[in-house]
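# Per-entry structural report
Here is what each chain is made of, one letter per residue.
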Amino acid sequence: MPEKLHPTCTKCAKLACSPAIGIDAEPAFDEAPSFCPMALFPDLVSDVVREYDRPEVKEFARLASMQEFECYERTDQGIRTKFPRIEELVQFAAKCGYKRLGLAFCLGLRREAQMLTEILENKGFEIASVCCKSGAVAKDRIGVTPDQHIGGPDSWESMCNPIVQAEVLNTEGVDLAIMLGLCIGHDTLFIKYCRVPVTVLAVKDRVTGHNPLAALYLSRSPYYRRLLAKE
Ligand code: SF4
């Protein structure tokens, strides 16, 4: 029996989804590889694209594309980029007409959260912020044993509580929730429970200054070659 194909865009050399053609030409979908999601799920793709016909979704997607567009400039030297993500966050929130922003941050990035709050308030937004330890619930509530405490078995440790972070921001009715430095897994729970629009300013990476791609870029150097070792 032939092996079932799964979408595998990372192995695509055709890029039929982003063809280099003129504005009046039509993309040639038959050039897509057999593992292309457009080839595997043609009905799903055309059905789902209709979602953009909903006026609020269409407008949100349009504003996101405007934001993307404004981040580049065409110069004699080629296309240049213009804004760091923090400025994009300010610009996009303003484009969307958002007034109240929610900040779900990690206690370990409290100083960064304070700096971000100052920047956002100076740009005219109201900020509601919730630290990951909100609730002050002991880690044993979720089955963490004292010998698994980061600070040692004799110390109290509050668990990270992304569900409380999400529900407080839901209750506050913020226009947009911003994740800042939540741990892997805790971020997953936050996204699962957050019912307002959510974006990420930064993810937690304790080693690289919260820049996980630094280790990726170094994975072909001696320093992080272990990432490529087969297991
Ligand atoms: S969507 Fe299809 S054409 Fe585009 S990268 Fe994925 S496999 Fe390639």
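Keep in mind the model is a prediction, meaning the values are calculated, not measured. All chains use their own residue numbering, which begins from 1 and follows the written sequence. A pLDDT threshold of at least 70 governs which residues receive local features in this predicted model, and a stricter bar of 80 or more applies before side-chain atom pairs are shown or counted, although totals over entire chains, interfaces and linings include all residues.

## Here's the deal with the overall build of the protein
Heads up, the rule is: For helices the rule is a DSSP run of H or I covering at least 4 residues; for strands it is a run of E covering at least 2, with both sets numbered from the N terminus onward. Our radius of gyration looks at C-alpha atoms and nothing else; its globule reference is 2.2 Å times the residue count to the power 0.38. Three exposure classes are used. Buried residues have 20 or more other C-beta atoms within 10 Å of their own C-beta, exposed residues have 12 or fewer, and partly exposed residues fall in between, all C-beta atoms being placed from the backbone. Each residue gets a C-beta atom placed from its backbone, and two residues are in contact if those atoms lie within 7 Å.
Scanning the protein from terminus to terminus reveals 8 helices and 6 strands. Across the protein, helices and strands are ordered from the amino to the carboxyl terminus as α-α-α-β-β-α-β-α-β-α-β-α-β-α. For 231 residues, the compact-globule estimate of 2.2 N^0.38 gives 17 Å, and the C-alpha radius of gyration of the protein, at 22 Å, exceeds that figure by more than 25%. Reported as C-alpha extents along the three principal axes, the dimensions of the protein are approximately 65 × 50 × 40 Å. Across the 231 residues that make up the protein, the buried fraction comes to 16%. Summarising the internal contacts of the protein: among those between residues at least 6 apart in sequence, 54% fall at separations of at least 24.

## So, helix H5 (residues 110-122)
Note the threshold: Take the residue count of a helix, subtract one, and multiply by 1.5 Å to get its expected span.
Helix length check: H5, at 13 residues, gives a terminal C-alpha distance of 18 Å against a target of 18 Å (1.5 Å per residue), a fit within 8%. In this structure, the buried residues of H5 make contact with helix H4 (85-95), strand S3 (100-105), strand S4 (126-131), strand S5 (176-182) and strand S6 (198-203). Just downstream of H5, Gly 124 is the residue with a positive phi angle, here 100°.

## Structural notes on the site of the ligand
Keep this limit in mind: A residue counts as near a molecule or strand when its C-beta atom, positioned from the backbone, falls within 6 Å of it. Under the convention adopted here, Pro, Cys and the residues Ala, Val, Leu, Ile, Met, Phe, Trp and Tyr are nonpolar, Asp, Glu, Lys and Arg are charged, and Gly plus all remaining residues are polar.
All residues adjacent to the ligand are Cys 9, Cys 12, Lys 14, Leu 15, Ala 16, Cys 17, Ala 32, Pro 33, Cys 36, Pro 37 and Met 38. Class assignment of the residues belonging to the shell around the ligand gives a composition of 10 nonpolar, no polar and 1 charged.

## Details of the sheet that holds S3
Paired through backbone hydrogen bonds, the strands of a sheet run either parallel or antiparallel to each other. Condition: Pairing between strands is defined by DSSP: at least two bridges between the two strands are required. Structural elements are reduced to axes, namely lines fitted to C-alpha atoms, with helices fitted over the stretch in contact, and the angle between N-to-C directions of any two is expressed from 0 to 180 degrees.
Spatial strand order, S4-S3-S5-S6: 4 strands in an open sheet with parallel pairing. Both outer strands of the open sheet, S4 and S6, are each paired with one neighbouring strand and no more. When the angles between neighbouring strand axes are averaged without regard to direction, this sheet yields 20°. Alignment of S3 against S5, held across 5 bridges, turns out to be parallel. Its bridge partner lying in S5, Ala 104 is registered against Met 179.

## With respect to the pairing of strand S1 (residues 72-75)
Relative to strand S2 (residues 78-81), S1 runs antiparallel, the two sharing 4 bridges. Looking across to S2, one finds that Thr 75 is bridged to Gly 78. Linking S1 back to S2 in an antiparallel pair, the connection comprises 2 residues.

## Things to note about the packing of helix H6 (residues 162-172) against helix H7 (residues 186-193)
As a reminder of what qualifies: Roughly parallel refers to an angle under 35 degrees, roughly antiparallel to one over 145, roughly perpendicular to one between 65 and 115, and oblique to any angle outside these ranges. A clockwise turn of the near helix away from the far one marks a right-handed crossing, whereas an anticlockwise turn of less than a right angle marks a left-handed crossing.
Interaxial distance between H6 and H7 falls to 8 Å at its minimum, and their mutual angle equals 30°. Judged by the angle between their axes, H6 and H7 are roughly parallel. Between H6 and H7 lies a crossing of right-handed hand. Contacts between H6 and H7 involve Pro 162, Ile 163, Gln 165, Ala 166 and Glu 167 from the former and His 186, Leu 189, Phe 190 and Tyr 193 from the latter. Across the contact of H6 with H7, the residue classes break down as 6 nonpolar, 2 polar and 1 charged.

## What about the domain arrangement of the protein?
Stated precisely, the cut-off is as follows: Domain limits in this description derive from either an automatic procedure or a database domain assignment.
The domain boundaries assigned to the protein delineate domain 1 (32-82) and domain 2 (85-203). Taking the mean C-alpha position of each, domain 1 and domain 2 sit 28 Å from one another. Residues that form the side of domain 1 that touches domain 2 fall into these classes: 3 nonpolar, 1 polar and no charged.

## With respect to unusual backbone geometry
Only a minority of non-glycine residues have a phi that is not negative, and only a minority of peptide bonds are not trans. Positioned with a positive phi, Leu 15 is a non-glycine residue whose angle comes to about 50°. One non-glycine residue with positive phi stands out, namely Ala 136, at about 50°. Mapped onto the elements of the fold, Ala 136 is located in the loop between S4 and H6.

## As for the environment of Cys 36
By secondary structure assignment, the location of Cys 36 is in the segment before helix H1 (37-40). Along the backbone, Cys 36 and Ile 79 are 43 residues apart, and their C-alpha atoms lie at a distance of 29 Å.

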